[in-house]
Amino acid sequence: MTTEAIPPAARHHQPWYKVLYLQVLIAIALGILIGYFYPDLGMELKPLGDGFIALIKMMIAPVIFCTVVHGISSMGDLKRVGRVGLKALIYFEAVSTVALAIGLIVGEVLQPGRGFNIDPATIDPKSVATYVTQAKEQGIVAHLLGIIPDSYFGALARGDLLQVLLVSILSGFAIAFLGRAGEPISRAVDQAAKMFFGVIRMIVRLAPLGAFGAMAFTVGAYLTSLLFVLLVLGAIARLSGFSIIRFIGYIKDELLIVLGTSSSETVLPQMIQKMEHLGASRSVVGLVIPTGYSFNLDGTNIYMTLATLFLAQATNTHLTIWQELGILGIAIITSKGASGVTGAGFITLAATLSIVPDIPIQSIAILVGIDKFMSECRALTNLIGNGVACVVISLSEGELDKEKLHETMAHPIELGEALEPGAR
């Protein structure tokens, strides 16, 4: 799992057609062209993207389990584990609230739903019945109880991120409490992680095929998320000693895969390795990246408040400032636990609207057709936000290798490509 510095001069330059990010770019371009000129064929190619995501998701639970368990058990000082976890949660909550607020502010300033004059009575509620049902089933109490798996291995089998995190954290603490007797177990978990990462490296070589199929289905962008990344995360990155633009260049391969698949889960293992190589503490990375996938969803938060205001404006539903602040408070709660899987943000939006009776819940049917577009930028923003969080928490713990950070950020693209599967 540990990655070592790779000087740009020492890196073997591959032929352009073997470079992963170029393969993904070509696949995305071909996917867009086929989706535009041959839409029926594009729909038939969707299983390629779904298959790639399924392969990656197959490995997410064991990777998170090994990373978190080894991260906690190898820390030694359990007070430090609690301190890092608390810092991460405080950081996640602060940045997530800023993201929610930005969504509200942009919605008020740009008024994206003004002039639609949509009558909710004319909307077919059947088109969103599935999302509404799932949203109602995910109340706060049900959500909290849902974190507890029906069995230890059940969490790993289903791949529910929060359940896997719970089992992993408990296992990590149990091994740590064993003291020296637990060290062999910790080493065995670390060795297992190396095997799982090896499987991931093989699967990632299929990324162009997955991106091709997914992009043939649809493509999109989101301006507000871009502003959040450049202004908010950019400012946090600058205060932490690095450039957000260079950081984006460093993880460009992962961003392209996310763009093609609309799921940030597809690159979780690669992000763990890249953040370690960037200089973030291995133990911090092991805690922050997995938990961030459930609690640090900046892109989803922006979408939640902006989409809520859009629907209110589109249906001519007047909201007072207190109602908008209420939406902000509700969204802070309902946004927790939505993973990087396509559609999770939409279900969370339905859950938020079900608590805000003023906005007709059937109005979310307006967004069904474009949710895949929104999902891509939600996932991209979430990914960048979690990467920045790793550096910030490592810095606050005094465990950030600044020399390694500056070296990597001096040549972000070259060193990022050097970490591609099969690059060495």
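Values in this document were obtained by computation on a predicted structure and should not be read as measured data.

It is worth spelling out the overall build of the protein at this point. Check the secondary structure of the protein and you find 22 helices and zero strands. Across the 424 residues of the protein, 57% fall into the buried class. Considering only contacts within the protein whose residues lie at least 6 apart along the sequence, 86% involve residues at least 24 apart. Carbon and sulfur atoms form 67% of the exposed surface of the protein, whose accessible area is close to 17,900 Å².

Of note, asparagine 316 is a non-glycine position whose phi angle comes to about 55°, a positive value. Secondary-structure assignment places asparagine 316 in the loop between α16 (298–314) and α17 (321–334). Since its relative accessible area comes to 53%, asparagine 316 is described here as exposed.

Our focus in this paragraph is the confidence of the model for the protein. Per-chain confidence: the protein averages 75 in pLDDT, with 71% of residues scoring 70 or above. Mean pLDDT across the elements of the protein ranges from a minimum in helix α10 (residues 207–217), with 55, to a maximum in helix α12 (residues 244–250), with 92. Below pLDDT 50 for its whole length, residues 1–11 participates in 31 contacts with residues either more than four positions away or in separate chains. With pLDDT under 50 throughout, residues 215–221 is counted as low confidence; its partners more than four residues away or in other chains account for 25 contacts.

Attention now goes to the nonpolar core. Core analysis: the biggest nonpolar cluster contains 78 residues, and Tyr91, Phe247, Met275, Ile384 and Val388 have the highest contact counts within it. When residues in this core are grouped by element, the largest group, twelve residues, is from helix α3 (residues 46–73). Those residues in contact with phenylalanine 247 that lie beyond four places of it in its chain are Phe242, Met275, Leu278, Ile384, Gly387, Val388 and Met409.

Moving on: the packing of aromatic side chains. For any pair of aromatic rings, the description rests on two quantities: the centre-to-centre distance and the angle between the ring planes. Counted by the stated rule, this structure contains five aromatic pairs. Relative to tyrosine 152, the ring of phenylalanine 65 has its centre 6.3 Å away and its plane inclined at 80°; by these criteria the two rings are edge-to-face. In this pair, phenylalanine 65 is assigned in helix α3 and tyrosine 152 in helix α7 (residues 152–158), connecting sequence segments 87 residues apart. Owing to a relative accessible area of 39%, tyrosine 152 belongs among the partly exposed residues under this scheme. In textbook terms, an aromatic cluster arises when at least three aromatic residues are bridged by ring pairs, as seen for Phe65, Tyr152 and Phe153. Residue placement shows lysine 274 over the ring face of tyrosine 250; its charged tip is 5.2 Å from the ring centre.

With that settled, the discussion passes to a nonpolar patch on the surface. Together, Leu226, Leu227, Leu230, Leu231 and Ile245 make up an exposed nonpolar region whose accessible area comes to about 470 Å². When residues of the nonpolar patch are assigned to their parent elements, the largest contribution, four residues, is made by helix α11 (residues 223–239). Within the secondary structure layout, leucine 231 lies in helix α11.

With that settled, the discussion passes to helix α15 (residues 282–295). An ideal rise of 1.5 Å per residue puts 20 Å on 14 residues; α15 measures up with 20 Å between its terminal C-alpha atoms. Counted residue by residue, α15 has twelve buried out of 14 residues, so it is predominantly covered.

Rules used in this analysis
Residues numbered from 1 in each chain as written. Predicted model: local features only at pLDDT ≥ 70, side-chain atom pairs only at ≥ 80, totals over all residues. Heavy atoms only, no water. Helix = DSSP H or I, 4+ residues; strand = E, 2+ residues; numbered from the N terminus. Buried < 20%, exposed > 50% of the residue type's maximum accessible area, 1.4 Å probe, protein only. Contact = heavy atoms within 4.5 Å. Areas by Shrake-Rupley, 256 points an atom, 1.4 Å probe, with all protein chains shown as cover. pLDDT = per-residue confidence, 0-100. Core = buried A, V, L, I, M, F, W, Y, C linked by side-chain atoms within 4.5 Å. Phe/Tyr/Trp six-rings, centres within 6.5 Å; stacked < 30°, edge-to-face > 60°. Lys NZ or Arg CZ within 6 Å of the ring centre and 35° of its normal. Patch = residues over 30% accessible without salt bridge, like charges linked within 9 Å, V, L, I, M, F, W, Y side chains within 5 Å. Salt bridge = Lys/Arg side-chain N within 4 Å of Asp/Glu carboxyl O. Expected span 1.5 Å × (residues − 1).

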